[in-house]
Amino acid sequence: MPGNTASHQLSEPEPLASYCEGVTVQLCTDPDEAVAGIADGSTILVGGFGMAGMPVTLIDALIRQGAGDLTIVSNNAGNGDTGLAALLAKRRVRRVVCSFPRQSDSYVFDELYRSGSVELEVVPQGTLAERMRAAGAGIGAFYCPTGVGTLLAEGKETRVIDGRTYVLEYPIHGDVALIGAYRADRMGNLVYRKTARNFGPVMATAATLVVAQVREVVETGGIDPETVVTPSIYVDRVLEVADA
Amino acid sequence: MSGPDVRSGNMSGASGPRPGPLSKHDIAALVARDIPHGAFVNLGIGLPTLVADHLAADSGVVLHTENGMLNMGPAAHGDAVDPDLTNAGKIPVTELPGASYFHHADSFAMMRGGHLDCCVLGGFQVSAAGDLANWHTGEPDAIPAVGGAMDLAIGARQVFVMMTLFTKDGVPKLVPRCTYPVTGLGCVDRVYTDHAVFDITEQGVVVREAFGTTADELAGLLEVPIR
């Protein structure tokens, strides 16, 4: 970036830094700021596979923020008493869309489900990811071979293409995505770490408001463009949580 | 089909009746023996994860884990545990040289798109037509949870199932029709059990190898026609 040493020039070019400031992502210093404005009845895509990539600080802030009647789209339905399980325990969730709700420590969800206090839509894991990909990519619906002939395809439209049967699946669009990533720059470009990447890049494309919890924020230009996984266009807010 | 004993060192390769029934590890060794050199393979949660222990170091097999990684290494212990690096069972694992990471939509596109050579899955039941049931007991109070089971069942080019041939109560799990809710239709190619290995073919169920029993004896124990 041009420095102050160029100040003696007659026709000084517009400093790149000031241009970049105009497109900086909303960098939040406070978790509550990162989840501000989330409305009751929202559909929220929550990243993570187990604890890897789980935006725990954002979920805790969402609990404080108070939005209710939520639809949560995530691979799992909470573990133990923290994160999504805590949100469920506070009765903020009307409906869960996930692939694998039942786990050894999913007792909060299990109890709510068995008492009829939360709705559940089970979606095959790959179909869950692809439905969000479709939402982010502007696809109206897609024919998918997964689940044909099973309980999860009951009532769905099917079509035979080249001798193989497919099920019509519709996109899942979020009002909000809460994701975990490894590093952001000040424009909101994201990189992930190892298998914590999981649903993050797909969810980032599929929601109106995308909030990323990251371990560090670096200056714009501090991430090699060749390695950016989620381009800044998808990201609205970034919260740095160093120890997450 | 390669001859016996190319990988595991467990199988004698001698002709004549083989002892049986097999232990879980013996079954895993059989599966490992039959995975072609250099194949891209997904091992399902549960029994199939044992297969990894029986792959030879020079097998060239690349393990896929559906949470987004190729060339996954063995389970991580001690200082090697990294919360950002787990397998599909959420167990900490390691990465091998040449590993790659990708997001969930790519991971399942890889599977659904027919790029995986083989997956090994557990099973509640397999039908004579190759239908698989392995995700849901269908009991009224059971909470359904499918994960990647349906994607794997229909995605990989070859689907191997590893299971005991009978339940603890002695009920066959290789059945004319699945009574549990199915995971996929006509998707199973081969079933590895403690008593025998079966190929599911368009012509019917064929005993490939038997352990401590014979095809005739198995035919008497199962309701499925055996060839």
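Up top you'll find the structure we're talking about.
Sequence order as written defines the numbering, with residues in each chain counted from 1. Naming scheme: in the order in which they are written, chains are lettered from A and ligands are numbered from 1. Totals for whole chains, interfaces and linings use every residue, but because this is a predicted model, local features are given only for residues with pLDDT of at least 70 and side-chain atom pairs only at 80 or more, for both listing and counting.

**Student:** Is there a simple way to explain the overall build of chain B in this structure?
**Tutor:** For chain B, the helix and strand inventory stands at four helices and 12 strands. At 18 Å, chain B has a C-alpha radius of gyration in line with the 17 Å of a compact globule built from 227 residues. Counting only residues that meet the buried cut, chain B has 45% of its 227 residues in that class. Across chain B, the fraction of contacts at a sequence separation of at least 24, relative to all contacts at a separation of at least 6, is 61%. Secondary structure follows DSSP: runs of H or I at least 4 residues long count as helices, runs of E at least 2 residues long count as strands, and numbering of each begins at the N terminus. Note that the radius of gyration is over C-alpha atoms, with the globule rule given as 2.2 Å times the number of residues to the power 0.38. Here a residue counts as buried when 20 or more other C-beta atoms sit within 10 Å of its C-beta, as exposed when there are 12 or fewer, and as partly exposed otherwise, the C-beta atoms being derived from the backbone. Contact between residues is assigned whenever the C-beta positions, reconstructed from backbone atoms, fall within 7 Å.

**Student:** Help me out: how do you make sense of the sheet that holds strand β10 (residues 183-185) of chain A in this one?
**Tutor:** Across a sheet, paired strands are connected by hydrogen bonds in the backbone, their directions being either parallel or antiparallel. Residues and elements named next belong to chain A. Here a strand pair is declared whenever DSSP counts at least two bridges between the two strands. Judged by pairing direction, the sheet is mixed, and its three strands sit side by side in the order β11-β10-β13 without closing on themselves. Each having just a single partner strand, β11 (190-191) and β13 (216-218) make up the two edges of the open sheet. In this structure, β10 lies alongside β11, joined through two bridges in antiparallel fashion. For Ala184, the partnering residue across the bridge sits in β11 and is Leu190.

**Student:** Help me understand the sheet that holds strand β5 (residues 119-122) of chain A, please; the structure alone is not making it clear to me.
**Tutor:** All names here are of chain A. Reading across the sheet, the eight strands line up as β1-β14-β12-β9-β2-β3-β4-β5 and stay open at both edges, with parallel pairing between neighbours. Two strands in the sheet have a free side with no partner beyond their single neighbour: β1 (26-28) and β5. For this sheet, the mean angle separating the axes of adjacent strands, direction not counted, is 20 degrees. The axes used here are C-alpha line fits, helices contributing only the stretch in contact, and every angle between their N-to-C directions lies in the interval 0 to 180 degrees.

**Student:** Looking at this structure, how should I read the interface of chain A and chain B?
**Tutor:** By a frequent convention, interface size equals the accessible area lost on bringing the separate parts together. With 36 residues of chain A at the interface, the matching set in chain B holds 31 residues. Taken together, the elements giving at least two residues each to the side of chain A that touches chain B come down to α5 (107-114), α6 (125-137) and α7 (200-205) of chain A. No other element matches the five residues that α6(A) contributes to the side of chain A that touches chain B. Residues are grouped as follows: nonpolar covers Ala, Val, Leu, Ile, Met, Phe, Trp, Tyr, Cys and Pro; charged covers Asp, Glu, Lys and Arg; every other residue, Gly included, is treated as polar. Split into classes, the residues belonging to the side of chain A that touches chain B amount to 17 nonpolar, 11 polar and eight charged.

**Student:** What exactly am I supposed to notice about the packing of α6(A) against helix α2 (residues 104-112) of chain B here?
**Tutor:** When two helices pack together, their arrangement is given by the angle between the helix axes and the distance between those axes. Interaxial distance between α6(A) and α2(B) falls to 8 Å at its minimum, and their mutual angle equals 120 degrees. Overall, the two elements α6(A) and α2(B) adopt an arrangement that is oblique. Note on packing geometry: the crossing formed by α6(A) with α2(B) is left-handed. Side by side, α6(A) and α2(B) meet where Gln125(A), Gly126(A), Ala129(A), Glu130(A) and Arg133(A) of the first sit next to His104(B), Ala105(B), Phe108(B), Met111(B) and Arg112(B) of the second. When describing relative orientation, an angle under 35 degrees is termed roughly parallel and one over 145 degrees roughly antiparallel, while 65 to 115 degrees is termed roughly perpendicular and anything else oblique. For any pair of crossing helices, the crossing counts as left-handed if the nearer helix is rotated counterclockwise from the farther one by less than a right angle, and right-handed if it is rotated clockwise.

**Student:** In this structure, what is going on with the pairing of strand β3 (residues 70-73) of chain A? I would like to understand it.
**Tutor:** Working note: regular strand, side chains alternate between the two faces of the sheet. All names here are of chain A. Both strand β2 (residues 43-46) and β3 contribute to a ladder of three bridges, which runs parallel. Following the sheet pairing, Leu45 is matched in β3 by Val73. A clockwise course of the path from the first strand over the helix to the second, judged with the strands pointing away from the viewer, identifies a crossover as right-handed. The β-α-β motif built from β2, the intervening helix α3 (residues 56-65) and the parallel element β3 has right-handed crossover chirality. For the handedness criterion, the β-α-β arrangement of β3, helix α4 (residues 84-89) and strand β4 (residues 93-98) is classed as right-handed.

**Student:** Help me understand α6(A), please; the structure alone is not making it clear to me.
**Tutor:** What sets the pattern is the α-helix's 3.6 residues per turn: residues three or four places apart point alike. Helix span, as expected, comes to 1.5 Å for every residue beyond the first. The end-to-end C-alpha distance of α6(A) is 18 Å, a good match for the 18 Å that 13 residues give at a rise of 1.5 Å each. Taken across its 13 residues, α6(A) has 12 buried, putting it largely inside the fold. Those residues of α6(A) that sit buried are Gln125(A), Gly126(A), Thr127(A), Leu128(A), Ala129(A), Glu130(A), Arg131(A), Met132(A), Arg133(A), Ala134(A), Ala135(A) and Gly136(A). Elements that come into contact with the buried residues of α6(A) comprise β2, β6 (142-144), β8 (164-169) and α7 of chain A together with α2 and α3 (149-155) of chain B.

**Student:** Please explain unusual backbone geometry as it appears in this structure.
**Tutor:** For residues that are not glycine, phi is negative in most cases, and the peptide bond is trans in most cases. The omega torsion across Gly20(B) and Pro21(B) is -5 degrees, close enough to zero to call that bond cis. On the secondary structure map, Pro21(B) appears in the segment before α1 (24-34). Of note in the backbone geometry, Lys194(A) takes a positive phi value of approximately 50 degrees without being a glycine. Unusually for a residue other than glycine, Asn71(B) sits at a positive phi of about 65 degrees.

**Student:** Whenever I open this one, α3(A) confuses me. Can you help?
**Tutor:** Residues Thr57(A), Leu58(A), Ile59(A), Ala61(A) and Leu62(A) constitute the buried set of α3(A). Looking at the buried residues of α3(A), the elements they touch are α2 (31-34), β2, α4, β9 (174-180), β12 (207-214) and β14 (237-240) of chain A.

**Student:** How should the nonpolar core be read in this particular structure?
**Tutor:** One broad rule of soluble globular proteins: the nonpolar side chains tend to lie buried together. Think of a nonpolar core as buried Ala, Val, Leu, Ile, Met, Phe, Trp, Tyr and Cys residues, each tied to the set through C-beta atoms within 7 Å. Within the largest apolar cluster, 136 residues are counted, with the highest numbers of intra-cluster contacts made by Ala177(A), Leu178(A), Met203(A), Val211(A), Ala212(A), Val31(B) and Val161(B). With six residues, the single largest contributor to this core is α1(B). Sequence-distant contacts of Val161(B), defined by excluding residues within four places in its chain, comprise Leu121(B), Gly123(B), Val126(B), Leu132(B), Val188(B), Val191(B) and Tyr192(B).

Structural measurements only, silent on function.
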